[in-house]
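Listed below are the residues making up each chain.
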Amino acid sequence: MSDEQSIQKDDAEEKEQMERHTKLSIFMHWFNAACWLFLLATGIGLIRNADLQPVGGWWTDMMRGIFGGGANLLLVHEIVGILWTLVFLVYVIAKAKEVVPFLKEVFTIDPKRDVLWLVNKGIQMTLGYKALYKLDGILKGRFGYKPVIPDQGFYNVGQKMFAIPSILGGVVIVVTGAIMTASNVMLENTAPVQWAILIHFLTVGFVFAGLLIHVYMASIAAGERPAFISMFTGKVPQDYAMHHHKLWYDEVREGR
Amino acid sequence: MKTQLAMVVDSSLCIDCKGCMAACKVENKVPEGHWRNWIKNDGVDFSMGETFSRMHFQPGNCMHCDVPTCVHACPTGATYKDEKDGVVKVDERLCIGCGSCIPACPYGARYRHPVKKIVDKCDFCDHRRARGELPACVITCPTKARAFGDINDPDSDVSRMLKDNKTVRVVNRESDTRPNIYYMGATAPLNWPVRAQAPTPIRWWGDWAKQLVWAVVGINALGVLAMLGKQLFVNDPEPGHESDSTDGGKPVETEETDHE
Ligand code: HEM
Ligand code: SF4
Ligand code: SF4
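Residues numbered from 1 in each chain as written. Chains lettered and ligands numbered in written order. Predicted model: local features only at pLDDT ≥ 70, side-chain atom pairs only at ≥ 80, totals over all residues. Heavy atoms only, no water.

Attention shifts here to the overall build of chain B. Within chain B, the secondary structure is distributed over six helices and 10 strands. The C-alpha radius of gyration computed for chain B amounts to 30 Å, which surpasses the reference 18 Å derived for 260 residues by more than 25%, pointing to a less compact arrangement than a globule. Taken along the three principal axes of its C-alpha coordinates, chain B extends 105 × 45 × 35 Å. Across the 260 residues of chain B, 50% fall into the buried class. Pairs at least 24 residues apart make up 57% of the contacts formed inside chain B by residues separated by at least 6 positions. (Helix = DSSP H or I, 4+ residues; strand = E, 2+ residues; numbered from the N terminus. Rg over C-alpha atoms; globule rule 2.2 N^0.38 Å. Buried < 20%, exposed > 50% of the residue type's maximum accessible area, 1.4 Å probe, protein only. Contact = heavy atoms within 4.5 Å.)

Within the secondary structure, Gly-128 of chain A sits in the loop between helix H7 (111-126) and helix H8 (129-139). Judged by its relative accessible area of 0%, Gly-128 of chain A falls in the buried class.

Let's shift gears to unusual backbone geometry. Residues and elements named next belong to chain B. For the peptide bond that leads from Ala-188 to Pro-189, omega is 0°, which places it in the cis range. Here Pro-189 lies in the loop between strand E10 (181-184) and helix H6 (200-233). Not every positive phi belongs to a glycine, and Lys-29 is a case in point at roughly 50°. When you line up the elements, Lys-29 lands in the loop between helix H1 (19-27) and strand E2 (37-41). Residue class for Lys-29 comes out exposed when judged on its relative accessible area of 68%.

Residue and element names in this part refer to chain A. With distances of 2.0 Å, the protein atoms coordinating the iron atom of ligand 1 are His-29 (NE2) and His-214 (NE2). Every donor counted, the six donor atoms about the iron atom of ligand 1 form angles of 86 to 179° at the centre, which fits octahedral coordination. Remark: His-214 occurs in helix H10 (residues 191-219) and His-29 occurs in helix H3 (residues 23-45); sequence separation between them is 185 residues. Relative accessible area serves as the criterion here: at 24%, His-29 is assigned to the partly exposed category. (Donors = N, O, S within 2.8 Å, 3.2 Å for Na, K, Ca; no water. Tetrahedral: all angles 85-135°; square planar, octahedral: opposite > 155°, others 65-115°.)

A few words on a nonpolar patch on the surface. A cluster of nonpolar side chains, contributed by Val-172, Trp-195, Ile-199 and Phe-206 of chain A together with Trp-204, Trp-208 and Leu-212 of chain B, occupies part of the molecular surface with about 580 Å² of accessible area. Elements that contribute at least two residues to the nonpolar patch include exactly H10 of chain A together with H6 of chain B. Tracing the backbone shows Trp-204 of chain B in helix H6. Look at Trp-204 of chain B and you get partly exposed, because its relative accessible area is 35%. (Patch = residues over 30% accessible without salt bridge, like charges linked within 9 Å, V, L, I, M, F, W, Y side chains within 5 Å. Areas by Shrake-Rupley, 256 points an atom, 1.4 Å probe, with all protein chains shown as cover. Salt bridge = Lys/Arg side-chain N within 4 Å of Asp/Glu carboxyl O.)

Taken together, Cys-74, Pro-75, Thr-76, Thr-79, Cys-95, Ile-96, Gly-97, Cys-98, Gly-99, Ser-100, Cys-101 and Val-119 of chain B make up the full set of residues near ligand 3. Residues belonging to the shell around ligand 3 are distributed by class as follows: seven nonpolar, five polar and no charged. (Near = heavy atom within 4 Å. Nonpolar A, V, L, I, M, F, W, Y, C, P; charged D, E, K, R; others polar.)

The next point concerns the packing of aromatic side chains. The full count for this structure, using the stated rule, is 16 aromatic pairs over all chains. Judged by centre distance (6.4 Å) and plane angle (90°), the ring pair of Phe-88 of chain A and Tyr-91 of chain A falls under edge-to-face. One end of the pair, Phe-88 of chain A, and the other, Tyr-91 of chain A, are both in helix H5 (residues 70-94), three residues apart, so they sit about a helical turn from each other. Residue Phe-88 of chain A is classed as partly exposed on the basis of its relative accessible area of 25%. The structure contains a cluster of three or more aromatic residues connected by ring pairs, namely Phe-102, Phe-154, Tyr-155 and Trp-248 of chain A. Over the ring of Trp-248 of chain A we find Arg-20 of chain A, and its NZ or CZ is 5.1 Å from the ring centre. Sitting over the ring of Trp-35 of chain B, Lys-25 of chain B keeps its end group 4.0 Å from the ring centre. (Phe/Tyr/Trp six-rings, centres within 6.5 Å; stacked < 30°, edge-to-face > 60°. Lys NZ or Arg CZ within 6 Å of the ring centre and 35° of its normal.)

We now examine the site of ligand 1. Residue and element names in this part refer to chain A. Taken together, 21 residues are adjacent to ligand 1, and Arg-20, His-21, His-29, Gln-159 and His-214 come closest. The contact in question runs from an oxygen atom of ligand 1 to an N or O atom on the side chain of His-21, over 2.7 Å. Measuring from a nitrogen atom of ligand 1, one finds a side-chain N or O atom of His-214 at 2.7 Å. Of all the secondary-structure elements, those providing two or more residues to the shell around ligand 1 are H3, helix H9 (157-183), H10 and helix H11 (225-233). Looking at which element gives the most residues to the shell around ligand 1, the answer is H3, with six residues. Of the residues assigned to the shell around ligand 1, the class counts are 13 nonpolar, seven polar and one charged. (Polar contact = N/O pair within 3.5 Å; in protein donor to acceptor, adjacent residues only side chain to side chain.)

Before going further, it helps to examine H1 of chain B. Of all the residues in H1 of chain B, the buried ones are Gly-19, Cys-20, Met-21, Ala-23, Cys-24 and Lys-25 of chain B. Close packing links the buried residues of H1 of chain B with E2, helix H4 (136-140) and strand E8 (146-150) of chain B.

Taken domain by domain, chain B consists of domain 1 (5-197) and domain 2 (199-260). Computed over C-alpha atoms, the centres of domain 1 of chain B and domain 2 of chain B are 56 Å apart. (Domains from an automatic or database assignment.)

Structural data, given as structure tokens:
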């Protein structure tokens, strides 16, 4: 069924909106995004050592210039990091009713369907639909391959592949950050602190790599505009939901 | 030329009175069990008989090196070489107390302050010099074994001493940090500095972790560029679709979905 047909068939119904995000979860997303980017910029600015600095000394100079020296930069990085952690702690505890289903959704994977989705969606987004048929011609049904982009639920597996590392990564970043912050307050042993520095850096780097795809998909990729708008309004049009998150659409339709 | 504060020590004058150590400890409130400076010795030499036994004493402290391996090990830049006076300092507010710099000093000049939980070491008495006074150890020494000044100023005492005398520096062959304490004539012991080495996580960061992060970020960036290029320049209509919208995420073929 294509857009045009469905719109002709029942314009009013198809343009109806579906609730996708609560006001609070929208706030938490943008609060997280703002904290993340701020902590990323200031965190990279905390690395003075040229061997370790991934961007270059100019970034360190610029950040220290803006915040009036390395010591102040460290202080704001720690304050915003603690704020980020506390707000999330309160959210997760107070709104467990909202958070637990979100985590369940994000961590539920349907391997056969999702691997096919990842392969085919990846090919479609870079090489195009024709490449799917070429691949089908080569594989001739081996490995259970079909040139289809399987239906997905509330989040597609691409979104889950970003959400999972960013949630687990977030926990690792918070824990290692806390170890470093505690280091010059109460820790006696420095070995965990030194490891925390390395793990903090690596984890931020990996989540940042995923963030490139996330931001592209969410704000530039064709056809994803309604999802972007939903991150402000909380709603998506039904036809969008049907095309992009068919399993979720069906579930809501069946009133489950 | 830039100022480089340094010490020229005549270790043959040192009588091991430990005045410099006591003065430093009081002046800089160095906590129990730790010292910012030291006096090494080469052990008693009985080769001339008991009556003529001798021992050589060697006063020292942070050498404010020209190639400070401690600065190189510090991730944050809390340990830095001050351009103004050539002194290697610790910014107490920027130090996270990770201790990475401690094994990176061949001379064991650094310790982690048990109360402040940050690193501490000799700063040539920054606060005294700000008042125009000499470092506490220099002023205290009864035999004037420690001379102090700017070796890049040709008129300073230390420059003249360096010009008129043969001097040596105590270095570990594997980690020559170009220290700024010079010993007049000869000194002993010489074999005590260790090889400077940053802890494993800091070395791994520079050796491969930074490169790995760049590789992963680079691969994802290429992926984004590939998607963007296709979106902008390739007309890729969905099969079975008349419009040329590149609306993604639709089944290419209608697929029966199994409902749980
Ligand atoms: C600053 C630019 C960002 C933009 C434009 C953006 C946009 C979006 C949009 C539109 C959605 C909703 C997707 C949907 O409803 O299907 C979303 C979801 C999400 N965002 Fe972001 N986001 C940004 C930054 C971040 C950051 C920094 C993180 C975490 C480190 C993050 C984590 C998530 C997660 C976990 C979800 C839910 C699952 C998913 O879509 O993968 N976002 N984002
Ligand atoms: S003596 Fe040690 S602490 Fe002092 S500057 Fe040299 S390497 Fe750094
Ligand atoms: S402990 Fe040493 S290496 Fe760590 S931040 Fe402080 S000065 Fe730098």
